[in-house]
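Residue-level listing of the chains:
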Amino acid sequence: MKFDKPATDNPIDRLQVVGQPHDRIDGARKVTGTARYAYEQHDVVANQAYGYVLGAGIAKGRIASIELDAARKAPGVLAVVTAREAGDLKKGPRNTACLLAGPEVEHYHQAVALVVAESFEQARAAASLIKVEYVAAEGAFDLNAAKDKAVRPEGDDPSLNDTHVGDFAGAFASAPVSLDETYTTPDESHAMMEPHATLAAWEGDKLTLWTATQMVAWGVTDMATTLGIPKQNIRIVSPFIGGGFGGKLFLRADVLLAALGARLAKRPVKVALTRPLMINNTTHRPATIQRIRLGATKEGKITAIGHESWSGDLKGGGPEVAVQQTRLLYAGANRMTAMRLAELDLPEGNAMRAPGEAPGLMALEMAMDEMAEKLGMDPIAFRLLNDTQVDPEKPKRPFSMRRFDECFRVGAERFGWSQRSAQPGRMREGNWLIGLGVAAAFRNNLVMKSGARVSLDAKGIVTVETDMTDIGTGSYTIIGQTASEMLGVDLDKVVVKLGDSAFPVSAGSGGQWGGNSSTAGVYAACVKLREAVAQKLGINSTEAIFAGGEVKAGNRSLSLASATEAGPLTAEDTIEYGDLDETHQQSTFGAHFVEVGVDVATAETRVRRMLAVCAAGRILNPKTARSQVIGAMTMGVGAALMEELAVDKRRGFFVNHDLASYEVPVHADIPHQEVVFLDETDPMSSPMKAKGVGELGICGVGAAVANAVYNATGVRVRDYPLTLDKLLARMPDAA
Amino acid sequence: MRAFSYEKASSPADAAAAAARSPDAKFIAGGTNLLDLMKLQIETPTHLIDVNGLGLDKIESSPDGGLRIGALVRNTALAADERVRRDYAVLSRALLAGASGQLRNRATTAGNLLQRTRCPYFYDTAQPCNKRRPGSGCSALGGFSRQLGVVGISDACIATHPSDMAVAMRALDATVETVKPDRSTRSIPVADVHRLPGNTPHVETVLDKGELITAVTLPKPVGGTQIYRKVRDRASYAFALVSIAAIVQRDGSGRIALGGVAPKPWRVETAEAELPRGAKAAAEAILADAKPTRENAFKLPLVERTLGAVLAQARG
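Residues numbered from 1 in each chain as written. Chains lettered and ligands numbered in written order. Predicted model: local features only at pLDDT ≥ 70, side-chain atom pairs only at ≥ 80, totals over all residues. Heavy atoms only, no water.

**Quick notes on the overall build of chain A**
Part 1: Looking only at helices and strands, chain A has 18 helices and 32 strands in total.
Part 2: Each principal axis of the C-alpha atoms in chain A carries an extent, and together these give about 80 × 75 × 50 Å.
Part 3: Across the 735 residues that make up chain A, the buried fraction comes to 63%.
Part 4: Partitioning the intrachain contacts of chain A with sequence separation of at least 6 by distance along the chain shows that 81% fall at a separation of at least 24.
Part 5: For chain A, the accessible surface area stands at approximately 25,900 Å², while carbon and sulfur atoms represent 50% of it.
Part 6: The average position of the 78 basic charges and that of the 88 acidic charges among the side chains of chain A differ by 1 Å. (Helix = DSSP H or I, 4+ residues; strand = E, 2+ residues; numbered from the N terminus. Buried < 20%, exposed > 50% of the residue type's maximum accessible area, 1.4 Å probe, protein only. Contact = heavy atoms within 4.5 Å. Areas by Shrake-Rupley, 256 points an atom, 1.4 Å probe, with all protein chains shown as cover. Lys, Arg positive; Asp, Glu negative; His and termini not counted. Charge placed at Lys NZ, Arg CZ, Asp CG, Glu CD.)

Shown next as structure tokens:
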């Protein structure tokens, strides 16, 4: 199905099932431990052995020698894989560094070897017996030091270009009120619960991988390239994923090494990355240095808006696209953005939940708060004065839907924004300085081609198959709701099968595109199945109403299952998109409100309450969507207050590589959270009229927290995270 | 984790004797620290002596009006004990500020005292660390040191002792009772249990080989307002940046012990004379010989400000 015209009325609009807050249909399996994650696939293949990955102990250089004898002779050891045993490996198109080092070492904890043994403990013990001699090389590990050598990122992607509209320099220089500040965000880790994990089994030249991936089809393609084998010889099965946040978008060392280990040991092999390896072996969100310049009239109209961002990555990598929201969020005739990329020898940077916008808004939305204060304006009024219904770079190009102002108005009312003191440092309860902060949430709505297969059997059971993944987001449920709505059967008559490369290729989970795109693909397949059913029943499909397990047309009413008299019916289709996202800018919007308390003595900041108001198209399931948003808000609190991969700038690695030292929020950090979804349908996005919401929820949270900290204390900290050491020296007197 | 043998000891003295017989033996109690370190091959004992089930899990009133806490009393049980809550509130509060409910259910009194540092370089076996590999150097000095020590440290090691419980015990003048392999027993003031790193940071306590802690005793209650204030980046389940165990009397005198700043619970008795003069004077005296890194220099003003808040709270 080609989606190239705005959606009109369709069966989804009935909202009998879609739009309802159904519990997760996979929930019972998850809480009873019967939803099998990759490392728990104990019974899919016999004779499983365990692999343990040894990571490089240097950040950059070369392996001079590697001594494997002791490991090979250790109890239970079946095989040891290094680059020598692996043979010729290519690099997948989505990987920056190789997944197996040797002889070159490109980053700390790059995989050097895999030990395969009868037990996990034996493999781990044997791995410690491997002696690796390295010749370390000088590396660049300090973004600030490498900043001046940073260049425009390579590649044809136009989003990497510098942008210029009007005369930014002139308008900024002549603006009556202006701001020029630099903000920094640190490297961050996805820190999802489930590690990267894979069970690999060969049958002849056919390879099956039970793994944890957000993108099944990317995994197949990149694995085929890496091993140099045909794609059709690889099957990926990934039914349940314990969190991803972008960390499981790409092929990682667990997949490759499990396959290599299984080939060498002639046994199925399972490999999970340890937490330290997750942090230094896989990808992370890169640190940024961001300069923001704003110019405005005395009345608060933005006349100049400029955003530059510096980030680093390994050679051949890409930048954190932290400026992209600034091209679209606020009006202003004179604009510029630019990104510069430094070559660093830290582990590979890549996407993490709302790549670009998450760190970009941490800077931009703090700058907006500072600018509002300079103008003597309320921060909400300042934002709304500069609201726009068109792409500010291309004023003829409208937003498909933009209820930015309503998010703030609804939020201000519900949150009690009027209680905020415009003067910072004025509200106090006991030892707590109280502050309120606000920030805009903005994330583009990406639409992705997505396929599905839907079948109907004689019992009236509808089965959906797609390689879409559920990374904890609720994909199973909203896909089930979509098929249920389209075919007029109860949700418990729908079987949803996900995460198998044997199924039609979907959008996968990433960039908050998964929910809208994958259900739109299921919609397309259901339309085809409806046509097949109508044809079998001899009725006109355009008149047919599918409801209550029956198909009705005029006075006729037939059971849905009766269409299968000659056998089960199956339909397959793919939703593909025209240029609606070119003619219209599709984005999601929100407003985050945060109240913090800052201890007047210690400068410890604790969030007291949070509210997000989101305008993100149709909400397919308010319950799972809310879970997405509160999870994202929690992650935003982490980014604001505690999350930072500490770079050892001499040794070139992230030092705090476990969850004891890389702190993310715990329950005690997260107080009352409220989420409001504006009632909205966006016919430009898809037949579902939905958009993404899972990343919108994190966008702007960090700045809202930071602005609240400023409102509480009068201390402006522009370097995230806002840990107490950065506040302490400027804190008001404790008494 | 290396392969190891295991035995269940039949008495504290037998456990000590067994530990003396085996060159690389370790006692295992709650295992909340040791097992992690074994998995990471930081600890590689060849023999484990299980001291659970030796009857060391009782809290008893002692004849001098104090309390005798068995070495195997779990942190949860100790924190919940009525006598501890009433008479040694700083200890209960310190315990509850540490770790998580699950860990406290498992962790023991002696194990808590003997837990090892959480310095991230100690935890990464690819990095030099004088504590883990004597003579290899300290990578924390000049590295990521925000969490690490500012006082009592040396050029060989700037690690901190991570315990909350031990800080309260230091303020309470607790004493550790031990049994040695020759069945002799001794009492060691908790102040003397941990050694400062000097040039031998791998030698962390004064305990002899095979010497087993059997109990911790508290002297009779000293009253006062008892506060444990733990300052950290998140609200729970994090090690202290700075913590203060305070016992403040009505006349303004008191005792102060610090956590998160030193290789052992840090108390300077002579500095306590400064308490009536306020937090600044007392903090300066307690941290007189501090040598912070650029990254953890904030701990000095943080101690002073936190102490100020604690003293204000004690005044009510």
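**Topic: the overall build of chain B**
Part 1: Scanning chain B from N- to C-terminus turns up 11 helices and 11 strands.
Part 2: Relative to a compact globule of 316 residues, whose C-alpha radius of gyration would be 20 Å, chain B shows 19 Å and is just as compact.
Part 3: The dimensions of chain B, computed from C-alpha atoms along their principal axes, are 55 × 50 × 30 Å.
Part 4: Considering only contacts within chain B whose residues lie at least 6 apart along the sequence, 63% involve residues at least 24 apart.
Part 5: Put simply, chain B shows about 12,500 Å² of open surface, and 50% of that area lies on carbon and sulfur atoms.
Part 6: Computing the positive centroid from 42 side-chain charges and the negative centroid from 31, chain B places the two 4 Å apart. (Rg over C-alpha atoms; globule rule 2.2 N^0.38 Å.)

**Quick notes on helix α14 (residues 514-537) of chain A**
All names here are of chain A.
Part 1: Between its terminal C-alpha atoms α14 stretches 34 Å, which fits the 34 Å expected from 24 residues at 1.5 Å a residue.
Part 2: For α14, the tally of buried residues reaches 18 of 24 residues, placing the bulk of the element in the interior.
Part 3: Two residues or fewer after α14 comes Gly-538, characterised by a positive phi angle close to 70 degrees. (Expected span 1.5 Å × (residues − 1).)

**A short note on the interface of chain B and chain A**
Reports often express the size of an interface as the amount of accessible area lost when the parts come together.
Part 1: Of the residues lining the interface, 35 residues belong to chain B; the matching set on chain A comes to 38 residues.
Part 2: At the boundary of chain B with chain A, total buried surface from both sides reaches about 2,900 Å², with 52% on carbon and sulfur atoms.
Part 3: By the criterion of area lost to chain A, the three top residues of chain B are B:Asp233, B:Arg234 and B:Arg305, representing 25% of everything that side buries.
Part 4: The interface formed by chain B and chain A holds 4 salt bridges in total.
Part 5: In this structure, B:Arg229 engages A:Asp599 in a salt bridge whose closest nitrogen and oxygen atoms are separated by 3.1 Å.
Part 6: Linking chain B with chain A are 22 residue pairs in polar contact (both at pLDDT 80 or more). (Buried area = accessible area lost by both parts, 1.4 Å probe. Salt bridge = Lys/Arg side-chain N within 4 Å of Asp/Glu carboxyl O. Polar contact = N/O pair within 3.5 Å; in protein donor to acceptor, adjacent residues only side chain to side chain.)

**Observations concerning the packing of aromatic side chains**
Residues and elements named next belong to chain A.
Part 1: Taken as a whole and assessed by the stated rule, the structure comprises 18 aromatic pairs over all chains.
Part 2: Note on Phe-404 and Phe-589: the rings are 6.3 Å apart at their centroids and 75 degrees apart in plane angle, and the pair reads as edge-to-face. Linking Phe-404 in helix α12 (residues 404-415) with Phe-589 in strand β28 (residues 587-599), this pair joins segments that are 185 residues apart in sequence.
Part 3: Phe-404 gets classed as buried once you look at its relative accessible area, which sits at 0%.
Part 4: We classify Phe-589 as buried; its relative accessible area is 1%. (Phe/Tyr/Trp six-rings, centres within 6.5 Å; stacked < 30°, edge-to-face > 60°.)

**With respect to the sheet that holds strand β7 (residues 185-189) of chain B**
All names here are of chain B.
Part 1: Taken in spatial order, the 5 strands make up an open sheet running β4-β5-β8-β6-β7, and their pairing is antiparallel. Looking at which strands have only one partner, the edges of the open sheet turn out to be β4 (59-61) and β7. Recorded for the sheet is a direction-independent mean angle of 25 degrees between the axes of neighbouring strands.
Part 2: As defined by bridge partners, strand β6 (residues 175-179) adjoins strand β8 (residues 212-218) across 5 bridges and the pair is classed as antiparallel. Across the sheet, the residue bridging to Val-176 is Val-216, located in β8. (Pairing = 2+ DSSP bridges. Axes fitted to C-alpha atoms, helices over the stretch in contact; angles between N-to-C directions.)

**Things to note about the packing of helix α16 (residues 622-641) of chain A against helix α17 (residues 701-713) of chain A**
Residues and elements named next belong to chain A.
Part 1: With their axes 7 Å apart at the nearest point, α16 and α17 run at an angle of 55 degrees to one another. Our classification of the angle between α16 and α17 gives oblique. By crossing handedness, the relation of α16 to α17 is classed as right-handed. Across from Met-633, Gly-636, Val-637, Ala-640 and Leu-641 in α16, the residues of α17 making contact are Val-701, Gly-702 and Val-705. (Parallel < 35°, antiparallel > 145°, perpendicular 65-115°, else oblique. Left-handed = near helix turned anticlockwise from the far one by under 90°.)

**Here's the deal with the packing of helix α10 (residues 279-286) of chain B against helix α11 (residues 299-315) of chain B**
All names here are of chain B.
Part 1: At a minimum axis distance of 9 Å, the contact between α10 and α11 shows a crossing angle of 130 degrees. Here α11 runs oblique to α10, going by the angle between their axes. α10 and α11 meet at a crossing whose hand is right-handed. In this structure, α10 uses Ala-279, Lys-280, Ala-282 and Ala-283 to contact α11, whose residues at the interface are Val-303, Glu-304, Leu-307, Gly-308 and Leu-311.
Part 2: Here the contact of α10 with α11 is built from residues that sort into 6 nonpolar, 1 polar and 2 charged. (Nonpolar A, V, L, I, M, F, W, Y, C, P; charged D, E, K, R; others polar.)

**A short note on helix α5 (residues 89-97) of chain B**
Residues and elements named next belong to chain B.
Part 1: Of all 9 residues that make up α5, 7 are buried, and the element is covered over most of its length.
Part 2: Among the residues of α5, Ala-89, Val-90, Leu-91, Ser-92, Ala-94, Leu-95 and Ala-97 are the ones counted as buried.
Part 3: Taken from the residues just after α5, Ala-99 is the one with a positive phi, measuring 50 degrees.

**With respect to the confidence of the model for chain B**
Part 1: Across chain B, pLDDT averages 97, with 100% of residues at or above 70.
Part 2: Interface confidence in the predicted complex, given as ipTM, is 0.97; pTM for the same model is 0.98. (pLDDT = per-residue confidence, 0-100.)

**Here we look at the pairing of strand β6 (residues 111-117) of chain A**
All names here are of chain A.
Part 1: With 7 of 7 residues buried, β6 is to be regarded as a mostly interior element.
Part 2: Of the pairings in the sheet, the one linking strand β2 (residues 49-55) to β6 comprises 6 bridges and is antiparallel in character. Bridging across to β6, Gly-51 finds its partner in Val-116.
Part 3: Here strand β4 (residues 77-81) pairs with β6 via 4 bridges, running antiparallel. Bridged to Ala-79 within β6 is Val-116.

**Let's talk about the environment of B:Cys138**
Residue and element names in this part refer to chain B.
Part 1: Position of Cys-138 among the secondary structure elements: in the loop between α7 (109-114) and α8 (165-171).
Part 2: As a C-alpha pair, Cys-138 and Ala-297 span 159 residues in sequence and 18 Å in three-dimensional space.
Part 3: Not counting residues up to four positions away in its chain, the partners in contact with Cys-138 are Asn-130, Asp-155, Ala-156, Cys-157 and Ile-158.

**Here we look at the pattern of salt bridges**
Part 1: Applying the stated criterion to the full structure yields 71 salt bridges over all chains.
Part 2: The closest approach of N and O atoms between A:Asp492 and A:Lys493, which form a salt bridge, is 3.7 Å.
Part 3: Its relative accessible area of 34% is what places A:Lys493 among the partly exposed residues.
Part 4: The salt bridge partner of A:Glu604 is A:Arg606, with a shortest N-O separation of 3.1 Å. The same class applies to A:Glu604 as to A:Arg606, namely buried.
Part 5: One salt-bridge network, held together by shared partners, links B:Arg170, B:Asp173, B:Arg255, B:Arg267, B:Glu269 and B:Glu272.

**Regarding unusual backbone geometry**
Part 1: The amide bond that connects A:Gly102 to the next residue, A:Pro103, takes the cis arrangement and shows omega of -5 degrees.
Part 2: In this structure, the amide linkage connecting A:Tyr720 to the following residue, A:Pro721, adopts the cis form with an omega of -10 degrees.
Part 3: Tracing the sequence through the fold places A:Pro721 in the loop between α17 and α18 (724-728).
Part 4: One non-glycine residue, A:Ala603, lies in the positive phi region at around 65 degrees.
Part 5: Note that A:Ala603 resides in the loop between β28 and β29 (605-615).
Part 6: Looking at A:Ala603, the relative accessible area reads 0%, which means it is buried.
Part 7: The phi angle at B:Tyr237 is positive, at roughly 55 degrees, despite the residue not being glycine.
Part 8: Mapped onto the secondary structure, B:Tyr237 falls in the loop between β9 (225-231) and β10 (242-248).

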